[in-house]
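Breakdown of the fold
Letter by letter, the chains look like this.
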Number of protein chains: 2
Amino acid sequence: ATAHFNVAELLGKHLKKDCLIILNPGRTFGALKFHNIFKRLNPDNQSLIAEAQTTIYTSRKIAEDHVLILALKDEVLLSTLDPSINHRLHDMLPPILQKHFKIAKSSIQTSIGNVGMILHCAPVLFNVGWTENSEFNYKHYVEGISPSIAKFLEKMDDERIAVSKVLGCEVETTFSWLKRSYHVEGDSLYEAIINNRAYQNIDAPNTLEHRYIMEDVPFGLVPLEAVGLYFEVDMSHTTLIIDLANKLLDVDFRAQGRNLENLGMGNGDENLWELIKRRPAACE
Amino acid sequence: ATAHFNVAELLGKHLKKDCLIILNPGRTFGALKFHNIFKRLNPDNQSLIAEAQTTIYTSRKIAEDHVLILALKDEVLLSTLDPSINHRLHDMLPPILQKHFKIAKSSIQTSIGNVGMILHCAPVLFNVGWTENSEFNYKHYVEGISPSIAKFLEKMDDERIAVSKVLGCEVETTFSWLKRSYHVEGDSLYEAIINNRAYQNIDAPNTLEHRYIMEDVPFGLVPLEAVGLYFEVDMSHTTLIIDLANKLLDVDFRAQGRNLENLGMGNGDENLWELIKRRPAACE
């Protein structure tokens, strides 16, 4: 999400053909932000801009020119800003990728369905000493997420689900998403995480200046909280994690991130109200 | 501090002689709470009730009947509720302990001077995964407190100092306290902690249900925040840590702990306003 702005500018300036542009992942309201930048520079281009709820692969960079794909997820949700044209998306995908994407009802579903903001930020902030200590490494998911942390994540996740409900397009819990995407067993979020084979070897960050904070707070939790508070949803767990990130990194992520103003509310661009209006009845 | 209530009841019921009772440590407003329970049960007893800013020793229980004293601190502040009789305290101490205590100006100084609430709570909450993972142990101070955590602690500490100022009895910073008590070198709180030989082998808790949370949040941070907010001091770092503890342990530490009501504000008992009125001019 940190590169969306630059990529939108580059494509906006140079793209001649109509294409399908997939933000994989969009994080929260990525397609909306991308659309506004791209269309300003290239208003006549009819490219479809879509966002995925998360990446379709779990992977790690293992060298400057090597990436290790640890798992391919099934049925990652995908949507454009206009759900009435979403049916065209599936056929436009390369056949080999088709089973890994699933057409969503609305980009509300892909944006609020962003599970990275739940799984990434809080565990790092609940393991700062371990993260910053150069003598220790740990596995982000299976060692860093303890039972108390997993319970906290469930409560944060409840806030995310409540926001999706108030936007009229309910998303599944992170627990259900894990079971569906990775086919893991378990009776709680903690168990589903611990039992996920794809998570066994994922190292934790060794600094707070990592995308798990620098991307997922401003482009995930900040817009989630902004929309939730606008609709008077209890966002106290989400708020706590943003406050913690702000204080530990001495950054104002709410000012830098996708806050309501930054989402184009109230000006002539595509904005969140349009997305809400445009959601299909099936969402409700 | 979790035992103060029971000890005050026991002594209140059975103590016949006038003695010196030292709460070592009192945590925040321990002498005030102890006094109110004790005097209700034993109003004629003239025992002096004093509180220490912290314990005079750094120690760990190593078996059911063994304690290892890692260091004896110098000049730990000590005060009764009535600073005009504090001069009697020194001579009442066993000679071998005299150098380890220093007579304070007021119990505001010993209560707000409680450094445990700064050094204990936040590092545990910033290392929850490490703490709860049974496969790993770590040293609370020298491994658990990273540069970012130490910076956060300095900001929490600024809030504590601001509360002491508003109460008219300024206390020293945790950094100065470490240098004075342990004679350590260092240019920042982080360096002073890392360089403290007495801290090298102090293990971290392996559960959140440890006195670093269960005692230091309700009997340290909660009264500090309550008094600070009453006087409109910015307590945002302290607030964040109490909120985190509440949410991670699913406990309302503000309701359970030494909040303003619990400190006897407004009823006939000794209360905080009396302490403030009674502080000597030298405090100001």
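Figured I'd write up the structure that's included with this text. Because the structure is a prediction, the values reported are computed rather than measured.

Moving on, we come to the overall build of chain A. Scanning chain A for helices and strands turns up 16 helices and six strands. If one aligns the C-alpha atoms of chain A with their principal axes, the spans along those axes are about 55 × 40 × 35 Å. Sorting the 284 residues of chain A into buried and exposed places 57% on the buried side. Long-range pairs, those at least 24 residues apart, make up 69% of the contacts in chain A between residues at least 6 apart in sequence. Of the roughly 12200 Å² that chain A leaves accessible, carbon and sulfur atoms contribute 50%.

A few words on the sheet that holds strand S1 (residues 20-23) of chain A. Residue and element names in this part refer to chain A. Taking strand neighbours across the sheet as the criterion, the four strands line up as S1-S2-S5-S6 in an open arrangement whose pairing is mixed. On the outer flanks of this sheet lie S1 and strand S6 (101-103), each paired with one strand and no other. Direction aside, the axes of adjacent strands within the sheet are offset by 35° on average. Note that strand S2 (residues 48-52) and strand S5 (residues 76-80) share three bridges and pair antiparallel. Paired with Ala 52 across the strands is Leu 78, a residue of S5.

Before going further, it helps to spend a moment on a nonpolar patch on the surface. All names here are of chain A. On the surface, a nonpolar cluster with roughly 360 Å² of combined accessible area is contributed by Tyr 57, Val 67, Ile 69 and Leu 72. Of all the elements, strand S4 (residues 66-72) adds the most residues to the nonpolar patch, at three residues. Within the secondary structure, Val 67 is located in strand S4. By relative accessible area, which is 56% here, Val 67 ends up exposed.

This part is about the pairing of S5 of chain A. Residues and elements named next belong to chain A. When you tally the buried positions in S5, you get five out of five residues, the bulk of the element. Burial along S5 is two-sided: the residues Val 76, Leu 78 and Thr 80 and Leu 77 and Ser 79 are all buried. Relative to S6, S5 runs parallel, the two being bridged by three bridges. Opposite Val 76, over in S6, you have Phe 101 as the bridge partner.

This paragraph deals with the pattern of salt bridges. Inspection of the entire model under this criterion finds 18 salt bridges over all chains. Taking the shortest distance from any N to any O, the salt bridge between Asp 250 of chain B and Lys 155 of chain A comes out at 3.9 Å. Pair noted here: Asp 250 of chain B is in the loop between helix H14 (236-249) and helix H15 (253-256) and Lys 155 of chain A is in helix H9 (residues 147-166), and the two residues belong to different chains. Classification of Asp 250 of chain B as exposed rests on a relative accessible area of 63%. Taking the shortest distance from any N to any O, the salt bridge between Asp 243 of chain B and Arg 254 of chain B comes out at 3.1 Å.

Our next topic: the interface of chain B and chain A. Contacts between the two partners involve 26 residues from chain B and, on the opposite side, 26 residues from chain A. The contact between chain B and chain A buries some 2300 Å² in all, and 63% of this surface belongs to carbon and sulfur atoms. Inspection of the region where chain B meets chain A yields two salt bridges. Where the side of chain B that touches chain A is concerned, the elements lending two or more residues are helix H8 (128-132), helix H9 (147-166) and H14 of chain B.

Residue and element names in this part refer to chain B. At a minimum axis distance of 10 Å, the contact between helix H13 (residues 217-230) and H14 shows a crossing angle of 140°. In terms of their interaxial angle, H13 and H14 are classed as oblique. In terms of crossing hand, the pair formed by H13 and H14 is left-handed. Only Thr 238, Thr 239, Ile 241, Ile 242 and Ala 245 of H14 make contact with H13, whose side of the interface consists of Val 217, Leu 221, Val 222, Leu 224 and Glu 225. Within the contact of H13 with H14, the residues separate by chemical class into seven nonpolar, two polar and one charged.

Reading the values: the criteria
- Residues numbered from 1 in each chain as written.
- Chains lettered and ligands numbered in written order.
- Predicted model: local features only at pLDDT ≥ 70, side-chain atom pairs only at ≥ 80, totals over all residues.
- Heavy atoms only, no water.
- Helix = DSSP H or I, 4+ residues; strand = E, 2+ residues; numbered from the N terminus.
- Buried < 20%, exposed > 50% of the residue type's maximum accessible area, 1.4 Å probe, protein only.
- Contact = heavy atoms within 4.5 Å.
- Areas by Shrake-Rupley, 256 points an atom, 1.4 Å probe, with all protein chains shown as cover.
- Pairing = 2+ DSSP bridges.
- Axes fitted to C-alpha atoms, helices over the stretch in contact; angles between N-to-C directions.
- Patch = residues over 30% accessible without salt bridge, like charges linked within 9 Å, V, L, I, M, F, W, Y side chains within 5 Å.
- Salt bridge = Lys/Arg side-chain N within 4 Å of Asp/Glu carboxyl O.
- Buried area = accessible area lost by both parts, 1.4 Å probe.
- Parallel < 35°, antiparallel > 145°, perpendicular 65-115°, else oblique.
- Left-handed = near helix turned anticlockwise from the far one by under 90°.
- Nonpolar A, V, L, I, M, F, W, Y, C, P; charged D, E, K, R; others polar.

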